[in-house]
Number of protein chains: 2
Amino acid sequence: MVTKQFSGSADEADLRRADSLAREIFSDVANKWALLIIEALGDRTLRFSELRSEVEGISHKMLTQNLRMLERNGLAARTAHPTVPPRVEYTLTGPGRGLLATVDAMCEWTHRHIADIDEARRRFGD
Amino acid sequence: MVTKQFSGSADEADLRRADSLAREIFSDVANKWALLIIEALGDRTLRFSELRSEVEGISHKMLTQNLRMLERNGLAARTAHPTVPPRVEYTLTGPGRGLLATVDAMCEWTHRHIADIDEARRRFGD
DNA sequence: CTGGATCCAATTGGATACTG
DNA sequence: CAGTATCCAATTGGATCCAG
């Protein structure tokens, strides 16, 4: 369960707030592009344009949008070098690295089950 | 990286197919509702209506849609009891349980970082 | 109760143009 | 190069109705 259930407590309100926050964070993070960006970053430091080519198929818009989100949540750090042309680098923060571990696990899971799933789909009828 | 990179191999085509399959599976699974349903199921067996109340805020449509997807990929098993009214139960399969482990980790990560993230957001300016 | 189908509003996301 | 803004098509998702 993402949101632990609390009730009858003295500061029930605070706890409900934490719950809704948890759900909000989960919703931010549990999306395809965010996870792919995190996986692409890994423990490296990449420029915007590098990320764009590392994350296959992502559009300019989706990349900036998700990078802002990761930055806002403190999962990725943005460093702008005041050069011309501009050079902006992104890297995962501590919490971001923690999430990376689970994304790695998810990718590993995916690869371990490609064959199973492929067959399951055929059995399902496609 | 979700899709391992291969090239120059004799059966390059097969490998590219596995890659695109991996990406497809990842896209199916890396979405809010799918992960919340998996987390709600855990190692239990739940009816459609039970799932609907366990997964806070999910609509009838999103639930059926995601359950079909999980079933199609062989991550959840559907058992229809031929009673009236119908009783349909869902449970995670072996691969589904494997994925559950990573979702659990992700939920744990979320709870561990609620405070960090809450503060990061404030620093970011909201 | 489960679940498919449809309608329709709201959101998403890509393409493009423009700025520092 | 990095990033924002806009336009617009396509997709999403909720509400509702119907059926087994």
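Residues numbered from 1 in each chain as written. Chains lettered and ligands numbered in written order. Predicted model: local features only at pLDDT ≥ 70, side-chain atom pairs only at ≥ 80, totals over all residues. Heavy atoms only, no water.

Quick look at the interface of chain B and chain A now. Frequently, the measure chosen for interface size is the accessible area that the parts lose on association. Facing 49 residues of chain B, the contacting portion of chain A comprises 49 residues. For Asp-118 of chain B, the salt bridge is made with Arg-17 of chain A, and the minimal N-O distance between the two is 3.4 Å. Scanning the region where chain B abuts chain A turns up 16 residue pairs in polar contact (both at pLDDT 80 or more). The leading source of residues in the side of chain B that touches chain A is helix H5 (residues 94–124) of chain B, at 19 residues. Looking at side-chain class alone, the side of chain B that touches chain A contains 23 nonpolar, ten polar and 16 charged residues. (Contact = heavy atoms within 4.5 Å. Salt bridge = Lys/Arg side-chain N within 4 Å of Asp/Glu carboxyl O. Polar contact = N/O pair within 3.5 Å; in protein donor to acceptor, adjacent residues only side chain to side chain. Helix = DSSP H or I, 4+ residues; strand = E, 2+ residues; numbered from the N terminus. Nonpolar A, V, L, I, M, F, W, Y, C, P; charged D, E, K, R; others polar.)

Aligned on chain A, chain B shows an RMSD of 0.0 Å; the corresponding rotation is 180 degrees and the shift along the axis is 0.0 Å. One copy is carried onto the other by what is essentially a two-fold rotation axis. The position closest to the rotation axis in chain B is occupied by the C-alpha of Asn-31 of chain B, lying 2.4 Å away. Of the interface residues in chain B, 100% have counterparts in chain A that sit at the interface too, so the contact is made through matching surfaces. (Least-squares fit on C-alpha atoms with pLDDT ≥ 70 in both.)

Once that is clear, we can look at the UniProt feature "domain: HTH hxlR-type" (unreviewed entry) in chain A. Residues annotated in UniProt with the feature "domain: HTH hxlR-type" (unreviewed entry) correspond here to residues 18–118 of chain A. For residues 18–118 of chain A, the end-to-end C-alpha separation is 39 Å, with 66% helix and 15% strand making up the annotated structure. (UniProt positions renumbered as here; feature names shortened; annotations may be inferred.)

Let us now look at the protein's contact with DNA strand C. Around DNA strand C there are 15 residues in total, and Ser-59 and Lys-61 of chain A together with Ser-49, His-60 and Arg-78 of chain B lie nearest to it. Among atoms of DNA strand C positioned within 4 Å of the protein, sugar and phosphate together represent 64%. For the surface near DNA strand C, the leading source of residues is helix H4 (residues 60–72) of chain B, giving three residues. Split by residue class, the surface near DNA strand C holds seven nonpolar, four polar and four charged. (Near = heavy atom within 4 Å.)

Once that is clear, we can look at the packing of helix H2 (residues 32–41) of chain A against helix H1 (residues 12–29) of chain B. Direction vectors running N to C along H2 of chain A and H1 of chain B enclose 125 degrees, while the axes themselves pass 9 Å from each other. Here H2 of chain A lies oblique to H1 of chain B, going by the angle between them. Of H1 of chain B, the residues touching H2 of chain A (which contributes Lys-32, Trp-33, Leu-35 and Leu-36 of chain A) are Arg-23, Phe-26 and Ser-27 of chain B. Classifying every residue of the contact of H2 of chain A with H1 of chain B by side-chain character gives four nonpolar, one polar and two charged. (Axes fitted to C-alpha atoms, helices over the stretch in contact; angles between N-to-C directions. Parallel < 35°, antiparallel > 145°, perpendicular 65-115°, else oblique.)

Residue and element names in this part refer to chain A. Pairing within the open sheet is antiparallel, and its three strands lie in the order E1-E3-E2. What marks the edges here is a single partner per strand, and that holds for strand E1 (45–47) and strand E2 (76–81). The sheet shows a mean angle of 25 degrees between the axes of neighbouring strands, taken without regard to direction. Summarising the sheet, E1 and strand E3 (residues 87–92) pair through three bridges and their orientation is antiparallel. What sits directly across from Arg-47, in E3, is Glu-89. Sitting on the sheet, H2 is in contact with E1 and E3, with an inclination near 95 degrees to E3. (Pairing = 2+ DSSP bridges.)

Looking now at the pattern of salt bridges. Close approach of charged atoms allows side chains of opposite charge to pair. Counted by the stated rule, this structure contains 21 salt bridges over all chains. Across the salt bridge formed by Glu-54 of chain B and Arg-44 of chain B, the nearest N and O atoms sit 3.4 Å from each other. Separated by ten residues along the polypeptide, Glu-54 of chain B in helix H3 (residues 48–54) and Arg-44 of chain B in the loop between helix H2 (32–41) and strand E1 (45–47) bring together distant segments of the chain. Of the residues examined, Arg-44 of chain B reaches a relative accessible area of 36% and is grouped as partly exposed. Several salt bridges converge on common partners, so that one network encompasses Glu-24, Asp-28 and Arg-72 of chain A together with Arg-121 of chain B. (Buried < 20%, exposed > 50% of the residue type's maximum accessible area, 1.4 Å probe, protein only.)

Under the defined criterion, the tally for this structure stands at zero disulfides over all chains. Left unpaired, Cys-107 of chain A is separated from the closest cysteine sulfur, that of Cys-107 of chain B, by 17 Å. (Disulfide = S-S within 2.5 Å.)

So, about the protein's contact with DNA strand D. Around DNA strand D there are 16 residues in total, and Ser-49, Arg-78 and Tyr-90 of chain A together with Ser-59 and Lys-61 of chain B lie nearest to it. Backbone atoms, meaning sugar plus phosphate, form 58% of the atoms of DNA strand D positioned within 4 Å of the protein. Here a sugar or linking oxygen of DNA strand D and a side-chain polar atom of Arg-47 of chain A are 3.0 Å apart. Here a phosphate oxygen of DNA strand D sits 2.4 Å away from a polar atom, N or O, in the side chain of Ser-59 of chain B.

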